[in-house]
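Inside the fold
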Amino acid sequence: MVLFFYIVLNLLALFLFIRKKKMLHILEVIVYWAVSSYLYQNFSALCYMNFKTLTIPENLSYEFSHVINRIILFPILMVTFLHFFLILTTLLRKLLLMISFIILLTGMEYLADYLGVIKHVHWQIWWSLSIWMFDLCVLIVFMQWFRRILYKGDWYE
């Protein structure tokens, strides 16, 4: 049942993402998707394999749910954040957007914990909030760097 829920959620998120008119070039979407996936996969791998603060039950449906979330859901949310970040003009609105997405991403992480897809071991919620803030800030800096290269075409500046 959990796997079905996450398949539907991921398909819905993917459908809405595809249908939404974006302020991003298709190449940007692909690159930011890859970077977002890389950031979340590294977070997941570090917590699971190295720090042992994250466990994934040895149940195929939970493992598959975690994989599709890592590959589809979280990168979609992070790229959507970048789209809205580009639209907003004031610093206050961008800050509110960042806070909203940090809460959303943390909520999605804890929803997975509640449904049994992942289990946090000796984990504090502020760690999740900090990691998501760090990831979104890294994406913003990366986006600014990549857009400068993409739209200027100059590798030397």
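Going by the structure above, here's the rest.
A few words on a nonpolar patch on the surface. A contiguous nonpolar surface patch, about 480 Å² in accessible area, is contributed by Leu92, Leu95, Leu96, Ile99 and Ile103. Tracing the chain through its elements places Leu95 in helix H4 (residues 91–115).

A word on the packing of helix H3 (residues 60–87) against H4. With their axes 11 Å apart at the nearest point, H3 and H4 run at an angle of 170° to one another. As judged from the angle between their axes, H3 and H4 are roughly antiparallel. Listed contacts from H4 to Tyr62, Leu73, Phe74, Leu77, Met78, Thr80, Phe81, Phe84 and Phe85 of H3 are Lys94, Leu97, Met98, Phe101, Leu104, Leu105, Met108, Glu109 and Leu115. Looking at the contact of H3 with H4 residue by residue, the class counts come to 15 nonpolar, 1 polar and 2 charged.

Turning to unusual backbone geometry, a few remarks are in order. With a phi close to 60°, Lys52 is a non-glycine residue in the positive phi region. Inspection of the secondary structure puts Lys52 in the loop between helix H2 (26–50) and strand E1 (54–55). Its relative accessible area of 53% is what places Lys52 among the exposed residues.

Moving on to H3. Quick reminder: α-helices carry 3.6 residues per turn. Residues three or four places apart thus point the same way. End to end, H3 covers 40 Å across 28 residues, agreeing with the expected 40 Å (1.5 Å per residue, within 8%). Remark: the principal bend of H3, roughly 45°, maps to Asn69. By the N-cap criterion, in which a side-chain oxygen at the helix start approaches the backbone nitrogen of a residue two or three places on, H3 is capped by Asn59, the distance to Ser61 being 3.1 Å.

For the rest of this paragraph, the subject is the packing of aromatic side chains. Following the criterion strictly, the structure yields 16 aromatic pairs and no others. Ring centres of Tyr40 and Phe74 lie 4.4 Å apart, and the angle between their planes is 25°; on these two criteria the pair is classed as stacked. With Tyr40 in helix H2 and Phe74 in helix H3, the pair connects residues that are 34 residues apart, well separated along the chain. Here Phe74 falls in the buried class, since its relative accessible area comes to 2%. One aromatic cluster in this structure is built from Tyr40, Phe43, Phe74, Trp123, Trp126, Trp127 and Trp132. The lysine or arginine in question, Lys22, covers the ring of Phe17, its NZ or CZ lying 4.6 Å from the ring centre.

As a further point, take the environment of Ser130. Within the secondary structure, Ser130 is located in helix H5 (residues 125–152). Classification of Ser130 as partly exposed rests on a relative accessible area of 32%. Along the sequence, Ser130 and Ile102 sit 28 residues apart, while their C-alpha atoms lie 8.6 Å from each other. Polar contacts involving the side chain of Ser130 include one to the main-chain carbonyl oxygen of Trp126, which spans 2.8 Å.

Rules used in this analysis
- Residues numbered from 1 in each chain as written.
- Predicted model: local features only at pLDDT ≥ 70, side-chain atom pairs only at ≥ 80, totals over all residues.
- Heavy atoms only, no water.
- Patch = residues over 30% accessible without salt bridge, like charges linked within 9 Å, V, L, I, M, F, W, Y side chains within 5 Å.
- Areas by Shrake-Rupley, 256 points an atom, 1.4 Å probe, with all protein chains shown as cover.
- Salt bridge = Lys/Arg side-chain N within 4 Å of Asp/Glu carboxyl O.
- Helix = DSSP H or I, 4+ residues; strand = E, 2+ residues; numbered from the N terminus.
- Axes fitted to C-alpha atoms, helices over the stretch in contact; angles between N-to-C directions.
- Parallel < 35°, antiparallel > 145°, perpendicular 65-115°, else oblique.
- Contact = heavy atoms within 4.5 Å.
- Nonpolar A, V, L, I, M, F, W, Y, C, P; charged D, E, K, R; others polar.
- Buried < 20%, exposed > 50% of the residue type's maximum accessible area, 1.4 Å probe, protein only.
- Expected span 1.5 Å × (residues − 1).
- Bend = angle between axes of the 7 residues up to and from the residue.
- Polar contact = N/O pair within 3.5 Å; in protein donor to acceptor, adjacent residues only side chain to side chain.
- Phe/Tyr/Trp six-rings, centres within 6.5 Å; stacked < 30°, edge-to-face > 60°.
- Lys NZ or Arg CZ within 6 Å of the ring centre and 35° of its normal.

On their own, these measurements won't tell you what the molecule is for.
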